[in-house]
Amino acid sequence: MDMAVSFHNNSSFSLPKPRTPHPSSYSSTLSARQHFGYNLSSSPITTTSLKFRHCNTATQRHRRIQCSVSPPAETAAEKKSRLMRRSDIRNIAIIAHVDHGKTTLVDAMLKQAKVFRDNQTVKERIMDSNDLERERGITILSKNTSITYNDTKINIIDTPGHSDFGGEVERILNMVEGVLLVVDSVEGPMPQTRFVLKKALEFGHAVVVVVNKIDRPSARPDYVINSTFELFIELNATDEQCDFQAIYASGIQGKAGLSPDNLADDLGPLFESIMRCIPGPRIEKDGALQMLATNLEYDEHKGRIAIGRLHAGVLRKGMEVRVCTSEDSCRYARISELFVYEKFSRVSAESVAAGDICAVCGIDDIQIGETIADKVSGKPLPSIKVEEPTVKMSFSINTSPFVGREGKYVTSRNLRDRLYRELERNLAMRVADGETADTFIVSGRGTLHITILIENMRREGYEFMVGPPKVINKKVNDKLLEPYEIATVEVPEEHMGPVVELLGKRRGQMFDMQGVGSEGTTFLKYKIPTRGLLGLRNAILTASRGTAILNTIFDGYGPWAGDISTRDQGSLVAFEDGTTTSYALSSSQERGQMFLGPGVDVYKGQIVGIHQRPGDLSLNVCKKKAATNIRSNKEQTVVLDTPLDYSLDDCIEYIQEDELVEVTPLSIRMCKNPKFAKRGR
């Protein structure tokens, strides 16, 4: 089979100049021939002969840039329904792997679109408005904003980069017609890059590739573009999709250009590429009203707010509508308030035309995936589907002696209501009843996905206990299958040995290894069971002295890999209730590393440290020095080691089958599960 792939030459076009021209920056486009050349041997399609067509330069000069996802020929059904494109709106999502600079790039776009006053104080990563997002430096929830460029409104949706929050990305892609795929100029495509790009291509969206952080000293744009191109081919992209537009940018400096060596003074080339390469929304202007609720927010005064893109018709304030889940299940409601996104805020509107993204108030029981349709002739849109969860954890009420000291909500009814309320917004999560009335099984995309829920509940005043994470297995044809993930580890060469040994013990299979530039780091790629990843992050940081970077993404289900040992050391357990003393801790620390300092209240069964040997050991950490009338020759000076400070994530990684994490608004403790102690007797 012969497959013809054509790419544009450097002189093939020049982007239209904005009001303040930058001739040097707009004079050239990505030359796929320059970056890819004729050597595509590393591509998986080695058996296919590629023919590069030489296009007539004169013809190319007048031809418009052909971008990712060329508009398909209009079908008869589309002609019949009179679908049209809106040219005054662009709806885009910014997708990327974690820490590749999505939110920083949005900051620069907002500033250059004059969203803020010149003298206005603006925080960094303005889109990460959640306290938890700012503390962790990651995006957890997708958020909307908009800018205006040359009289065109550009709705921008910032999405999370962690694979655990892939459900957010999947449903957001329903609202847009194109995506900016942000790729780091050194790392290139990473596991989450593959996931989000696969979803975008499945939706048929236009893709503009932004090679970000081009100002890094070890930037290698040619490698990144080649790797991204190969990723498009691996994901079965069409010829038109593979001919993507590439922009080189530095989000933190607010600069972009069509070549890595020639950046403009602003993000003009990026805005122009969005205008040219990403089509306007295809709408049915005179059709019956249709809007898919893609996101939910809650306001104390307005109640539940549904966010989505209007597919057809016009939505007006005070309008009577039909809310549909399927054609058989519909109910009626009234729109009390209507908002559109302008700059960095929601603005009240009397009406919204098809193609725009809006927020709707007045429907108290609306759920994500439901359709707001015309009262008379409205029909539902296809509902949103997200991938199944792979990890589960048990949530139960707090049964420790310290219950009720710090938390506001401690009963099983409080816990049940809060968990089921989370399902309204978090589509990728599942909640089921456990073995007892006060236990619930929460399933999610990964440990981080569930940990964020735990942290939010803790800050809201909830007090409860969680068990260790477990993978969700499947049985197919009487064969036990378990989830596997692709793990990418970036580690300095001198620490590579211990890391490889650690991953090997956890049933990981290496399938790729490559060196990276002048930084002396090595990329390792493994296929590893999800069970092997539980508790791996801390172990891999210890093995590499804190220098390794681990990224994972779900790959699929495979055969059961066998037993995996995740922890070699036991726990140090408190022997009785009381308050820890320096005298007791000085002898206890010889047995292992302690989690607590002196003067802390503990209870029987609480984990107070890590044993230096396998197996648990009970200790009396509350013992006081005997106050006898015999004077000692010299008072001993007690020197205590600094206790280990474990975060919520660390505790969940540490615990094993017979252990629990006690979560309260002020404390995080670990303890032995009393149910297992009874069984042991």
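Residues numbered from 1 in each chain as written. Predicted model: local features only at pLDDT ≥ 70, side-chain atom pairs only at ≥ 80, totals over all residues. Heavy atoms only, no water.

Going by an unreviewed UniProt entry, the protein chain carries the name Elongation factor TypA-like SVR3 and comes from Citrus sinensis.

1. Section: the overall build of the protein chain
A tally of regular secondary structure across the protein chain gives 19 helices and 40 strands. Counting all 681 residues of the protein chain, 52% fall into the buried class. Taking the intrachain contacts of the protein chain between residues at least 6 apart in sequence as the baseline, contacts between residues at least 24 apart amount to 72%. When the accessible area of the protein chain is evaluated, it comes to approximately 31,900 Å², of which 47% is carbon and sulfur surface. (Helix = DSSP H or I, 4+ residues; strand = E, 2+ residues; numbered from the N terminus. Buried < 20%, exposed > 50% of the residue type's maximum accessible area, 1.4 Å probe, protein only. Contact = heavy atoms within 4.5 Å. Areas by Shrake-Rupley, 256 points an atom, 1.4 Å probe, with all protein chains shown as cover.)

2. Points about the pattern of salt bridges
Summed over all chains, the structure comprises 28 salt bridges. Measuring nitrogen to oxygen at the nearest pair gives 3.2 Å for the salt bridge that ties Lys153 to Asp356. One end of the pair, Lys153, is in strand β6 (residues 152-158); the other, Asp356, is in the loop between β20 (351-353) and β21 (357-361), and 203 residues separate them in sequence. Residue classification places Lys153 among the buried positions, given a relative accessible area of 14%. For Asp356, a relative accessible area of 9% puts it in the buried group. Across the pair Glu170 and Arg445 runs a salt bridge, and its minimum N-O distance is 2.3 Å. Of this pair, Glu170 sits in helix α7 (residues 166-172) while Arg445 sits in the loop between β25 (439-444) and α13 (447-459), placing them 275 residues apart in sequence. Glu170 sits in the buried class, given a relative accessible area of 5%. Judged by its relative accessible area of 10%, Arg445 is buried. Each of the salt bridges in this network shares a partner with another, and the network as a whole consists of Glu170, Lys199, Glu202 and Arg445. (Salt bridge = Lys/Arg side-chain N within 4 Å of Asp/Glu carboxyl O.)

3. Notes on the pairing of β25
Among the 6 residues that make up β25, 5 are buried, leaving the element largely enclosed by the rest of the structure. Both strand β23 (residues 391-397) and β25 contribute to a ladder of 6 bridges, which runs antiparallel. Residue pairing across strands places Ser394 opposite Ile441, the latter belonging to β25. The pairing of strand β24 (residues 430-433) with β25 spans 4 bridges and is antiparallel. (Pairing = 2+ DSSP bridges.)

4. A short note on the sheet that holds strand β10 (residues 255-257)
Pairing is mixed across the open sheet formed by 7 strands, whose spatial order is β5-β6-β4-β7-β8-β9-β10. If you trace the sheet from one side to the other, it starts and ends with β5 (143-149) and β10, each paired once. The average undirected angle you get between the axes of adjacent strands in this sheet is 30°. (Axes fitted to C-alpha atoms, helices over the stretch in contact; angles between N-to-C directions.)

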